[in-house]
Amino acid sequence: MKGLLLKDLYMIMKHFKMYLLIDVIFIAVAFFSDENMMFLVVPMMLASVIPITLLAYDERSHWTEYCGSLPYGRAQIVSAKYLIGLLMEAATALVVFAALLIKDRSGAVDQIFGAVFVMFVISLMFPTFCLPFSLKFGTEKGRLIYYVVIAAAAGIIALTANRVDDITFLLNANTHLLPLLYLGMPVLYALSWLLSIILYNNKEVGK
């Protein structure tokens, strides 16, 4: 498992430099802008698609076939993608939290944490819904569900576009609307993880 995670980390360092640049730009804009929350959503969403993009690189390089000759079970191969997704999301959330904390200077750590945690939980929807399809049918065929999730996220952003830049909006949502999401999305992520293992175990290598 450690080797699989290291492989994905090396892939991220080699192929995701543009993601890092975009993250730096958006976090910097958010830091120096009064309306900052919308800009901070982008780095979180970029982090959420990393596992699917890594899987696409694996398929393109035929790593998925080669990995079958290595001493790794299919459950470990799947788990590496879910773990790297959590790791990238957590790292990005930590940077966003630090940027907000430095910018705010009001001492409202609980409010800032709540707002960042909302973004963290919502961004989990991409790997949650996309990875099972991509692992089962391949990233090309699984792209349909990817577009559906993007459309759903875009719809949510469009409906709240005039409010997502206000940290009090996310705090109020955190207080009144999202306790179920806090519990529901991690549970869905775990169920997605289990479903992906089952689907990938039943998948014919190379298909």
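On a predicted model such as this, the values are computed, not experimentally measured, just so you know. (Residues numbered from 1 in each chain as written. Predicted model: local features only at pLDDT ≥ 70, side-chain atom pairs only at ≥ 80, totals over all residues. Heavy atoms only, no water.)

## Concerning the packing of helix α7 (residues 109-123) against helix α8 (residues 125-137)
Helix packing geometry: the angle between the two helix axes and the distance between the axes.
Stage number 1. Closest axis-to-axis distance for the α7/α8 pair is 4 Å, and the angle between their directions is 10°. Considering their axes alone, α7 and α8 lie roughly parallel with respect to each other. Every residue of α8 that contacts α7 at Val121, Ile122 and Ser123 is listed here: Met125, Phe126 and Pro127.
Stage number 2. Here the residues of the contact of α7 with α8 are counted per class, giving five nonpolar, one polar and no charged. (Axes fitted to C-alpha atoms, helices over the stretch in contact; angles between N-to-C directions. Helix = DSSP H or I, 4+ residues; strand = E, 2+ residues; numbered from the N terminus. Parallel < 35°, antiparallel > 145°, perpendicular 65-115°, else oblique. Contact = heavy atoms within 4.5 Å. Nonpolar A, V, L, I, M, F, W, Y, C, P; charged D, E, K, R; others polar.)

## As for the nonpolar core
Stage number 1. Formed by 36 residues in total, the largest nonpolar core has its most connected members in Leu40, Val96, Val116, Met119 and Leu135.
Stage number 2. Mapped by element, the contributors of at least two residues to this core are α2 (17-32), α3 (37-48), α4 (50-60), α6 (74-104), α7, α8 and α11 (179-201).
Stage number 3. It is α6 that provides the largest number of residues to this core, a total of nine residues.
Stage number 4. Grouped together as the second largest cluster of nonpolar side chains are eight residues, Ile12, Phe16, Ile50 and Met88 included. (Core = buried A, V, L, I, M, F, W, Y, C linked by side-chain atoms within 4.5 Å. Buried < 20%, exposed > 50% of the residue type's maximum accessible area, 1.4 Å probe, protein only.)

## Concerning empty space enclosed by the protein
Stage number 1. Inspection of the entire model under this criterion finds two cavities of 30 Å³ or more.
Stage number 2. Empty space within the largest cavity amounts to approximately 50 Å³.
Stage number 3. Along the lines of polarity and charge, the residues of the lining of the largest cavity split into six nonpolar, one polar and two charged. (1 Å grid on protein atoms, 1.4 Å probe; cavity = no way out; pocket = protein on both sides within 12 Å on 5 of 7 lines; lining within 4 Å. Points joined across faces, edges and corners; volume = space filled by probe spheres on them.)

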